[in-house]
Amino acid sequence: MHDVIIIGAGPAGLSTAFWCDELGLDTLVLEQAEQIGGQLHRVYNPIENYLGIKTRNGKELLELFAADVDEAGFDLWTQTAITGVELKAKRISLASGEKLQSIALVIATGVRPRELGVPGEKEFIGKGMIESAARDRQLLAGKDVCIVGGGDAAVENALLLAEVCPTVTLVHRGKKLRARREFAEQLQSSHCITVFSESVLTRIIGDEEVVAVEIQRKQGLKPFQLAVRGVCIRIGVDPNTELLREQLKTDEKGFIEVSSLQETNVPMVFAVGDISNPLAPTISSATGAGATAAKVIAGRLNSGGHK
Ligand SMILES: Cc1cc2nc3c(=O)[nH]c(=O)nc-3n(C[C@H](O)[C@H](O)[C@H](O)COP(=O)(O)OP(=O)(O)OC[C@H]3O[C@@H](n4cnc5c(N)ncnc54)[C@H](O)[C@@H]3O)c2cc1C
């Protein structure tokens, strides 16, 4: 029996564990991946908005987190596959057959990139399909490219690619871009970016590598092909809540609803980080939510308020 089990070792889960440990709670973190850090592994841009710390990328920030984790006293199991979670009972079953039990559970499973679900999307990964212009734009330098999405990530990637590519076509479904004003203004002053609104990418075409994309502009119109050598899809994220969805309150997209104490509608089950924060997902909010949950759990356990 542990005081707290935390599922997920990204910034939110690690911060929760760090605080739980500091508050004297017996804490176990379960992480399915080989390494801790979650999305920090995919952050290739400099991190300049985490108060007091500036790093060149997510990995550098993770090294700072990992140094603190090494010194802390909580248990951390990586490469751990969870096969079942009973939230009310706070019981977890692992693929190994082991069963775990705690007084409080914290869900910190984060998000994953949303897929478009079109032919070619998986086949051309690394063959013209990139995830991050900050990391891979030199691979596409001098080539025509297509970006899919209308939010901050899509527009930021389009702007980065416009620095090295002759043409950049941005395809998005909405009438208006959702990206922040600063990005939208930069986009308008760029000469090589073309924006196709109310349009969808329906296919990625190629052989060894991407050679074209198929785009449908407005419903009912015939799709056309655009010759490009690179594609970047940035259409948002999906929450990693599949294991739990039936057992607690989520919004229609599967993000977990929490109180201001980070508690879900199931008593002593908490959710922290991007999984419960679709509108403002950041490292600061993830680590802050972890601190809140830990403080609340420790308070309840110390006062007997969890019974
Ligand atoms: C390209 C990019 C750039 C970004 N730039 C910034 C920035 O400049 N500043 C900023 O503040 N934020 C930035 N972010 C956002 C930031 O990385 C996230 O807000 C933060 O990582 C959220 O932390 P989290 O712990 O909630 O989730 P995650 O980082 O997603 O971690 C979740 C963890 O849970 C694990 N997990 C999932 N399911 C299970 C399961 N069933 N069992 C066990 N483990 C599981 C995952 O493997 C993962 O390790 C960026 C994100 C990206 C992708």
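Heads up: these notes are all about the structure in this document. (Residues numbered from 1 in each chain as written. Predicted model: local features only at pLDDT ≥ 70, side-chain atom pairs only at ≥ 80, totals over all residues. Heavy atoms only, no water.)

Thoughts on the packing of aromatic side chains
We describe a pair of aromatic rings using the distance from one ring centre to the other and the angle between the two ring planes. For clarity, the cut-off: Two aromatic rings, drawn from Phe, Tyr or Trp (for Trp, its six-membered ring), form a pair once their centres lie within 6.5 Å of each other, and the interplanar angle then sorts them: stacked below 30 degrees, edge-to-face above 60, tilted otherwise. Numbering of helices and strands starts at the N terminus; helices are DSSP runs of H or I of at least 4 residues and strands are runs of E of at least 2.
Counted by the stated rule, this structure contains two aromatic pairs. A ring pair is formed by Tyr-50 and Phe-65, whose centres lie 6.2 Å apart and whose planes are at 75 degrees; its orientation type is edge-to-face. Here the residue Tyr-50 occupies a position in strand S3 (residues 47-50), and Phe-65 occupies one in helix H2 (residues 58-71), the gap between them amounting to 15 residues. Pairing Phe-196 with Phe-224 gives two aromatic rings, centres 5.9 Å apart and planes at 70 degrees, and the pair type is edge-to-face. Here Phe-224 lies in strand S16 (residues 224-227) and Phe-196 lies in strand S13 (residues 193-196), a separation of 28 residues in the sequence.

Quick look at the sheet that holds strand S11 (residues 145-148)
Test applied: At least two DSSP bridges between two strands are required for those strands to pair.
Overall, parallel pairing links the five strands, which are arranged S10-S17-S11-S12-S13 in an open sheet. Of all strands in the sheet, those with a lone pairing partner are strand S10 (129-130) and S13, marking the two edges. In this structure, strand S12 (residues 168-171) lies alongside S13, joined through four bridges in parallel fashion. Following the sheet pairing, Leu-170 is matched in S13 by Val-195.

Digging into the layout of surface pockets
Any empty space left between the atoms is revealed when a probe the size of a water molecule rolls over them. Convention followed: A pocket here means an open set of points on a 1 Å grid, computed over the protein atoms alone, that has protein on both sides within 12 Å along at least five of seven lines. A cavity is instead a set of points where a 1.4 Å probe fits but cannot get out; residues with an atom within 4 Å of a point line either one. Grid points are joined across faces, edges and corners, and a volume is the space filled by probe spheres set on the points. Note on residue categories: nonpolar means Ala, Val, Leu, Ile, Met, Phe, Trp, Tyr, Cys or Pro, charged means Asp, Glu, Lys or Arg, and polar means any other residue, Gly included.
Each pocket or cavity is described by its volume, and for the second largest pocket that value is around 240 Å³. Around the second largest pocket sit Pro-11, Leu-14, Ser-15, Phe-18, Trp-19, Tyr-50, Ile-53, Leu-64, Phe-65, Asp-68, Val-69 and Thr-287, which together line it. Residue assignment for the lining of the second largest pocket shows that the elements contributing at least two residues are helix H1 (11-22) and H2. Ranked by residues supplied to the lining of the second largest pocket, first place goes to H1 with five residues. Residues of the lining of the second largest pocket, tallied by class, amount to nine nonpolar, two polar and one charged.

So, unusual backbone geometry
We apply this condition: Each residue gets one of three labels from its accessible area relative to the maximum for its type: buried under 20%, exposed over 50%, partly exposed in between, using a 1.4 Å probe on protein chains only.
A positive phi angle is found at Lys-90, which is not glycine, with a value near 60 degrees. In this fold, Lys-90 is placed in the loop between strand S6 (82-86) and strand S7 (91-94). Lys-90 gets classed as buried once you look at its relative accessible area, which sits at 9%. Of note in this structure, Met-268 is not a glycine but carries a positive phi near 65 degrees. Along the chain, Met-268 turns up in the loop between strand S18 (237-239) and strand S19 (269-271).

Considering the state of the cysteines
Here is the rule: Cysteine sulfur atoms that come within 2.5 Å of each other are treated as a disulfide pair.
As enumerated under the stated definition, the model contains zero disulfides in all. Summary of cysteine pairing: Cys-165 is not part of a disulfide, and the nearest cysteine sulfur, belonging to Cys-192, is at 7.7 Å. Summary of cysteine pairing: Cys-232 is not part of a disulfide, and the nearest cysteine sulfur, belonging to Cys-146, is at 9.5 Å.

Things to note about the pairing of S6
Where S6 lies against S7, four bridges are found, and the strand directions are antiparallel. By the bridge assignment for S7, Ile-82 is matched with Leu-94.

Observations concerning the site of the ligand
As a reminder, the rule being used: When at least one non-hydrogen atom of a residue lies within 4 Å of a molecule or strand, that residue is treated as near it. Polar contact is defined as a pair of N or O atoms within 3.5 Å, subject to the rule that within protein one atom must be able to donate a hydrogen and the other to accept it, and that residues adjacent in sequence are counted only when both atoms are side-chain atoms. With residues, only the protein chains shown are counted as cover, and all accessible areas are computed by Shrake-Rupley using a 1.4 Å probe.
Lining the immediate surroundings of the ligand are 29 residues, of which Ala-12, Glu-31, Gln-39, Asp-274 and Ile-283 lie closest. Here an oxygen atom of the ligand sits 2.9 Å away from a polar atom, N or O, in the main chain of Ala-12. One of the backbone N or O atoms of Gln-32 is found 3.2 Å from a nitrogen atom in the ligand. When isolated, the ligand has an accessible area of 1,000 Å², and the protein chains bury 88% of it. Every element with two or more residues in the shell around the ligand is listed here: H1 and helix H6 (283-303). Here the residues of the shell around the ligand sort into 13 nonpolar, twelve polar and four charged.

Notes on the sheet that holds S16
Definition in use: In this description, a line fitted to the C-alpha atoms serves as the axis of each element, helices being fitted only across the stretch in contact, and the angle between N-to-C directions of two axes falls anywhere from 0 to 180 degrees.
In space, the three strands of this open sheet follow the order S14-S15-S16, with antiparallel pairing throughout. A strand with exactly one partner marks an edge of an open sheet, and here the two such strands are strand S14 (199-206) and S16. The mean inter-strand angle of the sheet, taken between neighbouring strand axes irrespective of direction, is 30 degrees.

Considerations on the packing of H1 against H6
For clarity, the threshold we go by: Rotating anticlockwise by less than a right angle from the far helix to the near helix defines a left-handed crossing, while the corresponding clockwise rotation defines a right-handed one. A contact between two residues is defined here by any heavy atoms of the two lying within 4.5 Å.
Orientation of H1 relative to H6, taken along the N-to-C sense of each, is 35 degrees, at an axis distance of 7 Å. At the point where H1 passes H6, the crossing takes the right-handed sense. Facing Pro-11, Ala-12, Ser-15, Thr-16, Trp-19 and Cys-20 of H1, the residues of H6 in contact are Ile-283, Ala-286, Thr-287, Gly-290, Ala-291, Ala-293, Ala-294 and Lys-295. When its residues are assigned to classes, the contact of H1 with H6 shows nine nonpolar, four polar and one charged.

A few points about the pattern of salt bridges
Rules: Within this document, salt bridges are pairs made up of a side-chain nitrogen of Lys or Arg and a carboxyl oxygen of Asp or Glu, the two lying within 4 Å of each other.
This structure, assessed with the given rule, holds 13 salt bridges. Where Arg-42 meets Glu-131, a salt bridge forms, and the shortest distance between an N and an O atom there is 2.6 Å. Taken together, the positions of Arg-42 in the loop between strand S2 (27-30) and S3 and Glu-131 in the loop between S10 and helix H3 (133-136) put the pair 89 residues apart, joining distant regions of the chain. Across the pair Arg-56 and Glu-60 runs a salt bridge whose closest N-O atoms are separated by 2.7 Å. Take Glu-60: its relative accessible area is 22%, and that puts it in the partly exposed class. A cluster of three or more residues bridged by salt bridges with shared partners is formed by Arg-112, Glu-242 and Arg-245.

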